[in-house]
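# Analysis of the macromolecular model
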Amino acid sequence: MSKKYRLTFLRDECIGCCACCSLSDLFFKINEEDDFPILKDFGSYKNEKMTKDYFDENIKSALEIVEMCPVGCIKIENLDKKD
Ligand code: SF4
């Protein structure tokens, strides 16, 4: 059974460096109005905090973009963790 995880993007902390861009098309698209990333399929690019849930097929790529981000504005939370 697939595990579920939550990706949170703190857009107000993003500096638009595009270090994540090579992998980000799984999760992000570039907002043409300001050239900063936004989460795909997210309602409004004006949100400062964007959160979306995924299953683990792409968790490796998600963890890579978390590592790449120089300001730590992408977070991953395991929703199946039972503590
Ligand atoms: S790596 Fe981080 S700071 Fe740079 S564009 Fe991506 S989300 Fe923004």
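My aim in this report is to walk through the structure given alongside it, one point at a time. Everything quoted here is computed from the prediction, not taken from an experiment. (Residues numbered from 1 in each chain as written. Predicted model: local features only at pLDDT ≥ 70, side-chain atom pairs only at ≥ 80, totals over all residues.)

### Focus on the overall build of the protein
Applicable threshold: Counting from the N terminus, the helices are the DSSP runs of H or I reaching at least four residues and the strands are the DSSP runs of E reaching at least two. For this measure, only C-alpha atoms enter the radius of gyration; the expected value for a globule follows 2.2 Å times N^0.38, where N is the number of residues. Any residue whose C-beta has 12 or fewer other C-beta atoms within 10 Å is treated as exposed, any with 20 or more as buried, and any in between as partly exposed, C-beta atoms being built from the backbone. The contact rule is simple: place each C-beta atom from the backbone, and if two of them lie within 7 Å, those residues are in contact.
Counting its secondary structure elements, the protein contains two helices and five strands. Reading the protein from its N terminus to its C terminus gives the helix and strand order β-α-β-β-β-α-β. Relative to a compact globule of 83 residues, whose C-alpha radius of gyration would be 12 Å, the protein shows 12 Å and is just as compact. Counting only C-alpha atoms, the protein reaches 40 × 25 × 20 Å along its principal axes. Each of the 83 residues in the protein was classed as buried or not, and the buried ones make up 17%. Nonlocal contacts in the protein, meaning residues at least 24 apart in sequence, comprise 69% of its contacts between residues at least 6 apart.

### Section: the nonpolar core
Our working definition: Structurally, a nonpolar core is described as a collection of buried Ala, Val, Leu, Ile, Met, Phe, Trp, Tyr and Cys residues joined by way of C-beta atoms within 7 Å.
Of all hydrophobic cores here, the largest spans eleven residues; its members are Leu 7, Phe 9, Cys 20, Phe 27, Phe 28, Ile 38, Leu 39, Met 50, Ile 65, Cys 69 and Ile 74. Only strand S1 (4-10) and strand S3 (37-39) provide two or more residues apiece to this core. Not counting chain neighbours up to four residues away, the residues in contact with Phe 28 comprise Pro 37, Ile 38, Leu 39 and Lys 40.

### Some points on the pairing of S1
We count it as follows: Whether two strands pair comes down to DSSP finding at least two bridges between them.
Sheet topology places S1 next to strand S4 (residues 49-55); seven bridges connect them, and they run antiparallel. Pairing of Thr 8 across the sheet is with Thr 51, part of S4. Sheet topology places S1 next to strand S5 (residues 74-78); five bridges connect them, and they run antiparallel. Within S5, the residue paired with Leu 7 across the bridge is Ile 76.

### A few points about the sheet that holds S4
Our working rule: Convention adopted: a line fitted to C-alpha atoms gives each axis, helices being fitted over their contacting stretch, and angles between N-to-C directions are expressed from 0 to 180 degrees.
One open sheet accounts for three strands, arranged S4-S1-S5; its pairing is antiparallel. Among the strands making up the open sheet, the edge pair consists of S4 and S5. When the angles between neighbouring strand axes are averaged without regard to direction, this sheet yields 20 degrees.

### Comments concerning unusual backbone geometry
If you check the backbone angles, Cys 18 has positive phi at about 65 degrees while not being a glycine. With respect to the secondary-structure elements, Cys 18 resides in the loop between S1 and helix H1 (21-24). According to the C-beta neighbour criterion, Cys 18 is partly exposed, with 14 such atoms within 10 Å. Positive phi outside glycine occurs at Asp 35, with the angle close to 60 degrees. By the secondary structure assignment, Asp 35 is in the loop between strand S2 (28-30) and S3.

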